[in-house]
Amino acid sequence: MPAKRIDGKAIAQEVRARVKTEVEKLGPSDRPGLAAVLVGENPASKIYVRNKRKACEEVGIYSEEHHLPEETTEAEVLSLVERLNQDPKIHGILVQLPLPKQINERKVLDTVIPEKDVDGFHYINVGKLVANEKGFVPCTPLGIIELLLASKVEIAGAHAVVVGRSNIVGKPAALLLLHHHATVTICHSKTKNLPEVCRQADILIAAIGKPQFVKKEMVKEGAVVIDVGINRLPDGRIVGDVDFDPVQERAGAITPVPGGVGPMTIAMLLLNTLQSAKWKKEKA
Ligand code: NDP
């Protein structure tokens, strides 16, 4: 029997509806605001920023976009971020990566004050995630957990195998799964016997960046497979890191690409921005 398809688009839509209701409840004086900083002309980044703006508009979050030219200096970006840090309309600051090479990304990310770091990239928020304390968590891993919870997947006690150890997806996803009481294995390019390790997974997270890398033989019968990958094939098709058709014959549940994790990332950004506005209100 083919796997149950986890519909990220529908789950993300539910999250957005929830955010919209909460934004309305907050009222105009506490309306959440998100600022996006984009440096240069990376086409994918421009699309992401446009989609984020549209999503904000749909749920009533104020949004502004700061599009700076490719040759912008680090000092100019830092000064913009510092201005946004002080701006009371803004509750979330998103610096679209990658930045041009003359700009030190880590320095920029750590200049965003942790209270407005809705991407969860500041070292303080990274530390809070490790310590399982209240803070901002990167949106894609947060979206993965939301997908699992919304699909009523039992995380506690499950063996979760995360393939990929990046700071924005693999590592934070592994930590969140651990905080939800999974037994977690993290794999990477130096892992030995990867197929064998993957076959032990009740929950398999693929965050590799290699098209259709996870084959049917790497998946246990009935496993929940979450495909984070977004890869463009030479023929223009977008596929995930999982070889979807064969794997869905063996998995118990699976996310498609597109329409799985992708829509959740933006939904979680909206949720984090709302959360930031609520925390600010609580503190006032
Ligand atoms: P990175 O390139 O930063 O990390 C990839 C990870 O995969 C690394 O840890 C790497 O190991 C590991 N890896 C690479 N090759 C192998 C291999 N042969 N066997 C085992 N592990 C391997 O990618 P990201 O984490 O940023 O992104 C992963 C994927 O998710 C990409 O396709 C990206 O486009 C997508 N993505 C999707 C998002 C969404 O919204 N849906 C958001 C962000 C990313 P090592 O550390 O040893 O090099």
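Residues numbered from 1 in each chain as written. Predicted model: local features only at pLDDT ≥ 70, side-chain atom pairs only at ≥ 80, totals over all residues. Heavy atoms only, no water.

Description of a nonpolar patch on the surface
Taken together, the side chains of Tyr48, Ile230 and Ile238 present a nonpolar region at the surface, about 270 Å² in accessible area. Its place among the elements puts Ile238 in strand β10 (residues 238–239). (Patch = residues over 30% accessible without salt bridge, like charges linked within 9 Å, V, L, I, M, F, W, Y side chains within 5 Å. Areas by Shrake-Rupley, 256 points an atom, 1.4 Å probe, with all protein chains shown as cover. Salt bridge = Lys/Arg side-chain N within 4 Å of Asp/Glu carboxyl O. Helix = DSSP H or I, 4+ residues; strand = E, 2+ residues; numbered from the N terminus.)

Points about the pairing of strand β7 (residues 203–206)
Burial along β7 is two-sided: Ile203 and Ile205 and Leu204 and Ala206, pointing in opposite directions, are all buried. Here strand β5 (residues 159–163) pairs with β7 via 4 bridges, running parallel. In the strand pairing of β7, Val161 is matched with Leu204. Here 4 bridges tie β7 to strand β8 (residues 224–227), and the two strands are oriented parallel to one another. Bridge pairing in β8 places Ile205 opposite Ile226. (Buried < 20%, exposed > 50% of the residue type's maximum accessible area, 1.4 Å probe, protein only. Pairing = 2+ DSSP bridges.)

So, the pattern of salt bridges
Under the defined criterion, the tally for this structure stands at 13 salt bridges. For Lys46, the salt bridge is made with Glu41, and the minimal N-O distance between the two is 2.6 Å. Residue Glu41 is classed as partly exposed on the basis of its relative accessible area of 43%. A salt bridge links Glu74 to Lys107; the shortest N-O distance between them is 3.0 Å. Pair noted here: Glu74 is in helix α3 (residues 74–86) and Lys107 is in helix α4 (residues 105–111), with a separation of 33 residues, a long-range link.

So, the packing of aromatic side chains
Using the criterion set out here, one finds 1 aromatic pair in the structure. Summarising the aromatic geometry, the rings of Phe136 and Trp279 are spaced 5.2 Å apart at their centres and angled 50° between planes, so their arrangement reads as tilted. In this pair, Phe136 sits in the loop between α5 (123–131) and α6 (139–150) while Trp279 sits in helix α10 (residues 261–283), placing the two residues 143 residues apart along the sequence. Across from the ring centre of Tyr123, 4.0 Å away, lies the NZ or CZ of Arg106, which sits over that ring. (Phe/Tyr/Trp six-rings, centres within 6.5 Å; stacked < 30°, edge-to-face > 60°. Lys NZ or Arg CZ within 6 Å of the ring centre and 35° of its normal.)

Considerations on the domain arrangement of the chain
The parts lose accessible area when they come together, and the size of an interface is often stated as this lost area. For the chain, the assigned domains read domain 1 (28–119) and domain 2 (138–262). A straight line from the C-alpha centre of domain 1 to that of domain 2 covers 29 Å. (Domains from an automatic or database assignment.)

Some words on unusual backbone geometry
Residue Leu97 is joined to Pro98 through a cis peptide bond whose omega torsion reads 0°. The peptide bond linking Val257 to Pro258 adopts the cis configuration, its omega dihedral lying at -5°. Topologically, Pro258 is positioned in the loop between β11 (253–254) and α10.

Description of the nonpolar core
Core analysis: the biggest nonpolar cluster contains 54 residues, and Ile144, Leu148, Leu177 and Ile203 have the highest contact counts within it. Element by element, the count of residues in this core is highest for α10, at 10 residues. With residues up to four places along the chain from it excluded, the contact list for Ile144 reads Val169, Ala173, Ile205, Ile226, Val228 and Val261. Within the second largest apolar cluster, 20 residues are counted, among which are Val197, Ala201, Val214 and Val242. (Core = buried A, V, L, I, M, F, W, Y, C linked by side-chain atoms within 4.5 Å. Contact = heavy atoms within 4.5 Å.)

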